[in-house]
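# A structural walkthrough
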Amino acid sequence: MGLFTQLLDRQRHGTHYADRMQRILSVCQSCGLLWHDERISFGNGLSQTRRVTDITATDHVMVTPQYEKYGLSVSPRVLKRVVGLAKQFAYALNVPSASVEVDGNIVYVRLPRAASEASDLVTFEQAWRIAPRLQPGSLLLGIDEDQHQLVLDLTSPTNVHAAVIGTTGSGKSTLMRTMILSAELAGGAQVALFDPSRGLRPLAGHPTVWRGGLFCSVDECEAGLASLTRLLGRESSGLIMVFVDEVPELVAQRPRIREHLGRLAQAGRHAGIHLVIGAQHLLSKELGPMLLRNIPVRLVGRVADRMAAYQAAGRGDVGADRLRGRGDFVVVTASQVRHFQAACASDALLRHWQQRFPPREPALPPPDPGDEAFASDARARPVTEPSVGRPHDDIPKQVLQMIARYMLAEGRDPSSNWVYRRTRELLPTGGYSRNKARRAIRLARQMASEQPTLGDNHDN
Ligand SMILES: Nc1ncnc2c1ncn2[C@@H]1O[C@H](COP(=O)(O)OP(=O)(O)O)[C@@H](O)[C@H]1O
Ligand SMILES: [Mg+2]
């Protein structure tokens with residue numbers, strides 16, 4: 001099934017819980033559901049009345065970072081009526097809302113904990129420590145409602161790719177950082193990082209990071225994802241876990257990214273490529289049916305309403321519209337639905353990681369001349385074909401394009417150091433000296449100014 005759990009031990013004794021359980025039973029009693037009288041007739045004509053209990057407290061009181069859950073054992077006779085008591089429970093227990101869930105033969109009354117009580121949300125270290133050994137391709141999510149460590153195995157054939165969905169502040173980037181950090185710690189797979197909001201940057205310096213850095217600008221993201229699609233159809237040379245945050249924003253700016261992601265989702269598994277995308281909503285008209293169809297695992301956080309919950313989870317019965325935010329998530333796979341609290345890598349932990357593995361710029365993949373992405377992208381066009389026939393020095397077009405892309409994305413010239421580093425990675429002949437780097441920057445600028453109207457066709 002691909003979701004593994006290990007137990008995290010949390011104490012849940014004490015009068016607070018006993019008192020609340022008592023109040024839950026009182027509500028049942030005042031509604032006349034706790035017991036009923038049954039008349040038993042004997043063969044000799046006599047009969048007797050017997051009291052039959054319909055609801056008993058179990059010792060299942062669960063405390064998760066954001067909820068308390070009280071387990072009752074309920075006879076089928078009154079089950080339906082107990083499920084309808086959510087409002088009464090909330091009122092009697094003085095909490096803003098409550099819900100009643102049936103789980104096997106136990107009925108749980110779920111109460112939200114006050115924000116002040118819920119301050120002990122799950123840290124990355126807590127969740128990791130429970131079972132600090134992950135298989136390559138498995139990603140730490142957090143802890144589930146039974147206090148187990150929850151791990152998502154994307155190499156399982158029914159999982160493959162995952163989407164993290166929720167409104168701003170629901171905890172998508174936090175959850176993705178936890179997944180990435182766990183992959184970096186576990187090793188055995190590369191992680192490719194794409195994020196225009198730069199929230200994944202603290203994790204971008206680790207040696208397992210594909211091409212050595214975070215792809216930030218939309219141009220970099222497009223080029224990087226295009227390059228990953230070129231691995232499709234080849235024999236897998238190991239696992240690559242591809243994390244792309246803010247997907248709708250990327251797609252809105254570069255529609256080709258939708259196609260790249262669609263192809264990776266469709267055929268990535270055979271090349272060892274697994275996607276984890278972050279999005280505020282999953283709309284087929286934005287992201288394309290191909291992408292949505294091929295992402296079986298949904299990690300759903302707080303969403304706006306029932307409709308959004310339905311779209312995100314791919315089904316309507318998981319209660320995602322009641323999630324509270326701050327890492328309160330539901331994971332939906334082909335075989336199960338599980339509520340969990342996402343583990344959070346603290347700022348201190350991320351700072352520490354960043355000091356150990358300073359974030360770097362990614363080595364941009366060499367543009368593929370046969371890739372129409374470069375030819376058809378309006379913003380890349382001015383630099384793909386210098387408009388005049390005069391040769392551009394001994395500096396390859398590839399380098400000029402790379403510099404021009406930087407200028408477009410950053411709105412300024414790169415430093416000669418930057419050119420040195422990139423050319424060192426890109427060219428077999430080594431990095432450019434300061435003088436040559438300056439010349440390359442000048443040429444790239446000149447090339448762009450020769451075609452000042454971006455996207456116009458100059459066929460001179
Ligand atoms: N798992 C979590 N545990 C604790 N706090 C969280 C968690 N996830 C999110 N938060 C809080 O919510 C804020 C927003 O989270 P973030 O991951 O940036 O959301 P999103 O990417 O969905 O907009 C964080 O700064 C943090 O304070
Ligand atoms: Mg975010």
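My aim in this report is to walk through the structure given alongside it, one point at a time. (Residues numbered from 1 in each chain as written. Chains lettered and ligands numbered in written order. Predicted model: local features only at pLDDT ≥ 70, side-chain atom pairs only at ≥ 80, totals over all residues. Heavy atoms only, no water.)

### Thoughts on the sheet that holds strand β5 (residues 67-74)
Here we have four strands laid out as an open sheet, ordered β4-β5-β7-β6, and antiparallel in their pairing. Among the strands making up the open sheet, the edge pair consists of β4 (55-63) and β6 (99-103). Within the sheet, the average angular offset between the axes of one strand and its neighbour, ignoring direction, is 25°. Looking at chain direction, β6 and strand β7 (residues 106-112) are connected through five bridges and run antiparallel. (Pairing = 2+ DSSP bridges. Helix = DSSP H or I, 4+ residues; strand = E, 2+ residues; numbered from the N terminus. Axes fitted to C-alpha atoms, helices over the stretch in contact; angles between N-to-C directions.)

### A short note on unusual backbone geometry
Although it is not a glycine, Gln147 adopts a positive phi angle of roughly 70°. Inspection of the secondary structure puts Gln147 in the loop between β8 (138-144) and β9 (148-153). According to the relative accessible area criterion, Gln147 is buried, its value standing at 8%. Phi is positive for Arg326, which is not a glycine, with a value near 50°. (Buried < 20%, exposed > 50% of the residue type's maximum accessible area, 1.4 Å probe, protein only.)

### Some words on the site of ligand 1
The full set close to ligand 1 counts 14 residues, and Gly169, Lys172, Ser173, Thr174 and Ala342 are the nearest of them. Between Ser170 and ligand 1, the recorded distance is 3.4 Å, taken from a side-chain N or O atom to an oxygen atom. Ala342 has a polar backbone atom sitting 2.9 Å from a nitrogen atom of ligand 1. In the complex, the protein chains occlude 71% of the 550 Å² of accessible area that ligand 1 would expose alone. Taken together, the elements giving at least two residues each to the shell around ligand 1 come down to α5 (172-186) and β17 (337-342). By residue number, the principal contributor to the shell around ligand 1 is α5, which donates three residues. Residues that form the shell around ligand 1 fall into these classes: three nonpolar, nine polar and two charged. (Near = heavy atom within 4 Å. Polar contact = N/O pair within 3.5 Å; in protein donor to acceptor, adjacent residues only side chain to side chain. Areas by Shrake-Rupley, 256 points an atom, 1.4 Å probe, with all protein chains shown as cover. Nonpolar A, V, L, I, M, F, W, Y, C, P; charged D, E, K, R; others polar.)

### Comments concerning the nonpolar core
By size, the foremost hydrophobic cluster in this structure holds 61 residues, and its most contacted members are Phe194, Leu225, Leu228, Val242, Val244 and Ile403. Counting contributing residues, this core receives three or more from each of domain 2 (121-356) and domain 3 (372-450). If sequence neighbours within four positions are ignored, Val242 has contacts with Ala192, Phe194, Leu225, Leu228, Ile273, His274, Leu275 and Val276. With 46 residues, the next largest nonpolar core counts Leu134, Leu150, Met179 and Val209 among its residues. (Core = buried A, V, L, I, M, F, W, Y, C linked by side-chain atoms within 4.5 Å. Domains from an automatic or database assignment. Contact = heavy atoms within 4.5 Å.)

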